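# Coordinate inspection notes
Now for the letters of each chain:
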Amino acid sequence: MVPTGAYGSWPSPIDAATAVARDGHPDHVGMVGDELWWTLARPTEGGRSALVRRRPDGESEVALPEPWNVRSRLMEYGGTPWHGAARAGEGSLIVFVHFADQRLYAYEPDTGAPPRPLTPLCPVGSGLRWADPRIDVERGEVWCVLEEFTGDAPTDVRRVIAAVPLDGSAAQARSLVRELSDGRHRFVTGPRLSPDGGRAVWIAWDHPRMPWDGTELILADIGEDGLMHGARAVAGGPDESIAQAEWSAEGQLLFSSDRSGWWNLYAMDPDQGTTTALCPREEEFAGPLWQIGRRWFQPLDNGLIAVVHGKGATALGILDPRGGDLVDAVGPWQQWGATLTAHGSRVVGVAASSRTGAELVELDTATGRARVIGRGHADTVDPAYYPEPVIRTFAGPGGRDVHAHVYPPRHPDRTGPEGERPPYVIWVHGGPTSSFSLVLDLEAAYFTSRGIGVVKVDYGGSTGYGRAYRNRLREQWGVVDVEDCAAVARALAEEGAADPRRIAIRGGSAGGWTAAASLATTDVYACATISYPVLDLAGWLGVTHDFESRYLDTLIGPYADVPGRYLERSPGRKADRVTAPFLLLQGLDDAICPPVQCEEFLEKMAGRGIGHAYLTFEGEGHGFRRSETMIRAIEAELSLYTQVFAIDRHDIPVLELTI
C-alpha cells in the first residue's frame, strides 16, 4: 500500500540543482563538411554558450574553451551566431559571434591558432552587432546581418545585410564592411544565396509589425561586382508572415508562409514568379521568428525536404514536393527544435519528449532510421518521478478553446490523503507569441514530485495552433491571456482535480505580465511568482529595445489612439488591487524588461500589508542563465508556496516576505 502524505510535503530526489541542470541543451546545429557542430548551454560556466564539434568517428569535444561565448545580441534575442565552411586542402573555417564584445571572429580549428577578430571593437551594449552569418569562400567574405546603433535611445538603430572580409582587414576599419542591402527595411534576416550564386533571398519587415504579423520575401540579383541589384518583394505583406526561405538544389525558392492561416510550405519559380503550395495542411511548418536564422525546414540534395511540422506537438517529416507525400520519422520524440541541418541523405535536429531531454537526433532518409547521435538523454533521477502530461483543451469564455498541458502530482511512493485536493500552479509562457513544448521538464518535476500540480497554458495568442488562434490576443493582451488561464484554473477546481484555495500562477517576461495582471484583476490565485515582467505599458515603451518597441501596437493598440487602455491594463498601476502574496525575480542587466518597473511597483505596495519578496541578480539579463541564479529562484518559489499553502517542509531556505 502506497503511504499517504500531504500534497506538497512529499520527499523528492529532484533537488533545485537537478531541476535547473540544463547543461547540455544543444542548439544552432550545422554541418561543416562531414562534421556536426552545435552550441551548448553551460549554466555552470557563467551561462556561456559553448561551441561543440562532433568528428566523423563520433567523438565530440568543446571546440572553444572558456571564456568564449558563442551568442549574438542582435535585436537582443539574437539569432544564429555561427557558420562553418569546409575548404578543400585548407581545413574547416568557423565564423562566430562572441557575446562579450559582439564581434565576429574567424576560427580555424585544425591549426591550433586562437580565433581572430573580423570586425571592429565597440563598447558593450552599443556600436555594432552581427548575426546569421554565411561564409562565401570564393568571395573571401562572410555575409550576415549588421545592427548598428546610431544614437543613445534603444530605437536609434539600423540594420542591413553586410559583407565582412575574411582576411580581418575590417577589424580596424568599419569602412571596409560592404553594405549589400539598401537599409529601407527596419529588420532583415541573413541572405541565402542561390545554388548558382546569382541571386540572394532574405526576409524583411518594418515597424509596427512583428515578424509573425507580416514580412516580405525579398529577392535580388547579384552582379559581377558582388553587389545586389533589383531587390524586390516577391511574396509576403502586412498580413502574411514568412518565417524562413531557402533554395532547393534545383534553384527553386522554398519558403514558409501563413497566407492560408497556417505556416505551410511553398515553392516559387524565381524566373516565372509562379508559386505552388507543397503540402497544404492545418498544421504549422514554421513558427515565430524571435531569433533570425531559425530553420524549420531543410532542402535535401535529392529534392526531398526535411520539415518540422505539427499542431501543438511537432514531428520531423520528409516531404516529397512533387506529390505532397509526407512521411514522419519513427521515434519517441514529440518536439523538434527549429534548427535542422542536412548532409547528403542525413538530417540532424534537436528533439525531445515528455520523457527525454533535448537530444541530437539523426535521420537517415535512405533507410528511414532515426537515432540519437549526441547529447543523449541520461536519467538523472528515477523516471518514476517524471511528470506525466495530459494534453487538454478547456473551454474558455464564450466556449473558445484553450490548449494546455496538465501535469498532476506524481510520486512512486506517495499519494495524497483521502479527500484532500492538491495545490496547482498555472504556468504562463513568455512571448506572448510563443508556446509550451512537450519536453521533459525537471523544473516542473521539482514541484509535481513534491505533490504540487503544474498546468502549462497555451492561452489565446500562442503559436502552434494557426493564425486565427494567434490573433486572438490582438488588442486583448491582459484580457484574453488572463481569462484563459483563469478558465483553466477554475475548470480544474470544478472537476475536483485542484484545491481552489491553493492555486498559484507563475510566469516570466510576458508571462510575468499575465501573472501580475491576474493578481490585480481576478480572485483565482492564492499567490504568484513573477519573473522579469512588463508591469507598466506606457513606461515600458520608453525603455525597451527596438525589436519590441512597437509590439504593443498589436497587443494593445497604438498608444496615440488608446492611451487610456495602456493605463487600464497595466498591473503596475493597480497595486491597490493586489491582495495575494507574490515573489518578484529580476535580472539587473535586463535590457528588455528593465528593473525599474519592478522597483516602481514595489514602492506602491509598501505598507499595504501584502506579503512579498524581491530577489535581484547581478549579471543576469532577460531570462536566467546561471545555475546559482536558477537554484535560488526555484527554491524561493517553493518556499513561497509552502508558506501560502500551509505545507510543512523544512528542507529549503525560507523566503523572507516583506509586509
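Now for a quick tour of the structure. (Residues numbered from 1 in each chain as written. Predicted model: local features only at pLDDT ≥ 70, side-chain atom pairs only at ≥ 80, totals over all residues. Heavy atoms only, no water.)

## Considering the sheet that holds strand β22 (residues 297-299)
Ordered by their spatial adjacency, four strands build an open sheet running β22-β23-β24-β25, and the pairing between neighbours is antiparallel. Strands at the two margins of the open sheet, each flanked by one partner only, are β22 and β25 (325-328). Direction aside, neighbouring strands of the sheet carry axes that sit 35° apart on average. Here strand β24 (residues 313-320) runs beside β25; their pairing, made up of four bridges, is antiparallel. The partner of Leu319 across the bridge, within β25, is Leu326. (Pairing = 2+ DSSP bridges. Helix = DSSP H or I, 4+ residues; strand = E, 2+ residues; numbered from the N terminus. Axes fitted to C-alpha atoms, helices over the stretch in contact; angles between N-to-C directions.)

## So, helix α10 (residues 627-644)
With 18 residues, α10 should reach 26 Å at 1.5 Å per residue; the first-to-last C-alpha distance of 26 Å fits that figure. Among the 18 residues that make up α10, 13 are buried, leaving the element largely enclosed by the rest of the structure. Positive backbone phi, at 55°, marks Ala646, one or two positions downstream of α10. (Expected span 1.5 Å × (residues − 1). Buried < 20%, exposed > 50% of the residue type's maximum accessible area, 1.4 Å probe, protein only.)

## A few points about the packing of aromatic side chains
One pass over the full model with this rule turns up 26 aromatic pairs. A centroid spacing of 5.2 Å and a plane angle of 10° characterise the contact between Phe187 and Trp205, whose relative ring orientation is stacked. With Phe187 in strand β13 (residues 187-188) and Trp205 in strand β15 (residues 199-205), this residue pair connects regions lying 18 residues apart in the sequence. Taken individually, Phe187 and Trp205 each receive the classification buried, so the pair is uniform in this respect. Summarising the aromatic geometry, the rings of Trp290 and Phe547 are spaced 5.9 Å apart at their centres and angled 75° between planes, so their arrangement reads as edge-to-face. One end of the pair, Trp290, is in the loop between β21 (275-277) and β22; the other, Phe547, is in the loop between α6 (537-541) and α7 (551-555), and 257 residues separate them in sequence. By relative accessible area, which is 14% here, Trp290 ends up buried. (Phe/Tyr/Trp six-rings, centres within 6.5 Å; stacked < 30°, edge-to-face > 60°.)

## Points about the packing of helix α4 (residues 480-495) against helix α5 (residues 510-521)
Each pair of packed helices gets described by two things: the angle between the helix axes and the distance between those axes. Two elements in contact, α4 and α5, have axes separated by 9 Å at closest approach and are oriented at 75°. When the axis of α4 is compared with that of α5, the two are roughly perpendicular. Residues Asp481, Val482 and Cys485 of α4 form the contact with α5, whose participating residues are Trp513, Thr514, Ala517, Ser518 and Thr521. Here the contact of α4 with α5 is composed, by residue class, of four nonpolar, three polar and one charged. (Parallel < 35°, antiparallel > 145°, perpendicular 65-115°, else oblique. Contact = heavy atoms within 4.5 Å. Nonpolar A, V, L, I, M, F, W, Y, C, P; charged D, E, K, R; others polar.)

## Section: α4
Spanning 16 residues, α4 covers 22 Å between terminal C-alpha atoms, matching the ideal 22 Å at 1.5 Å per step. Among the 16 residues that make up α4, 12 are buried, leaving the element largely enclosed by the rest of the structure. By the burial criterion, the buried members of α4 are Val480, Asp481, Val482, Asp484, Cys485, Ala486, Ala487, Val488, Ala489, Ala491, Leu492 and Ala493. Contacts from the buried residues of α4 go to β31 (390-395), β32 (401-407), β33 (424-428), β34 (453-458), β35 (503-508) and α5. Just downstream of α4, Gly496 is the residue with a positive phi angle, here 90°.

## Things to note about the pairing of strand β7 (residues 104-107)
Residue alternation in β7 divides its side chains into two sets, Leu104 and Ala106 and Tyr105 and Tyr107, and both sets are buried. Here strand β6 (residues 91-97) pairs with β7 via four bridges, running antiparallel. The residue bridging Val97 from the neighbouring strand is Leu104, located in β7. Here β6 folds back onto β7 in antiparallel fashion, the turn holding six residues, of which Gln102 has a positive phi close to 60°. Two strands pair when backbone bridges link them, and β7 and strand β8 (residues 116-117) are joined in this way by two bridges, in the antiparallel orientation. Residue pairing across strands places Tyr105 opposite Pro117, the latter belonging to β8.

## As for the sheet that holds β8
The sheet built from four strands is open, its strands ordered β5-β6-β7-β8 with antiparallel pairing. The outermost strands of the open sheet, each flanked by one partner alone, are β5 (82-87) and β8.

## Remarks on unusual backbone geometry
Cis peptide bonds are those with omega within 30 degrees of zero, and the linkage from Glu66 to Pro67 qualifies with 5°. By the secondary structure assignment, Pro67 is in the loop between β4 (60-62) and β5. Residue Pro208 is bonded to the preceding His207 through a cis peptide linkage, with omega at 5°. Checked against the element boundaries, Pro208 lands in the loop between β15 and β16 (216-222).

## A closer look at the environment of Gly323
Topologically, Gly323 is positioned in the loop between β24 and β25. Here the alpha-carbon distance between Gly323 and Cys279, two residues 44 residues apart in the chain, equals 8.5 Å.

## Here's the deal with the environment of Arg134
Along the chain, Arg134 turns up in strand β9 (residues 128-136). Along the backbone, Arg134 and Pro191 are 57 residues apart, and their C-alpha atoms lie at a distance of 7.8 Å. Not counting chain neighbours up to four residues away, the residues in contact with Arg134 comprise His83, Glu141, Val142, Trp143, Pro191 and Arg192.

## Overview of the pairing of strand β19 (residues 253-257)
For β19, a buried count of five out of five residues is recorded, marking the element as mostly surrounded by other parts of the structure. Both strand β18 (residues 242-247) and β19 contribute to a ladder of five bridges, which runs antiparallel. Residue Gln244 lies in a different strand from β19, and its bridge partner there is Ser256. Here β18 hands over to β19 after five residues, with Gly251 in that stretch at a positive phi of 90°. Here β19 pairs with strand β20 (residues 264-268) via five bridges, running antiparallel. Looking at β20, one finds that Leu253 is bridged to Met268. Once β19 ends, the chain turns through six residues before running back antiparallel as β20, passing Gly261 with a positive phi of about 100°.

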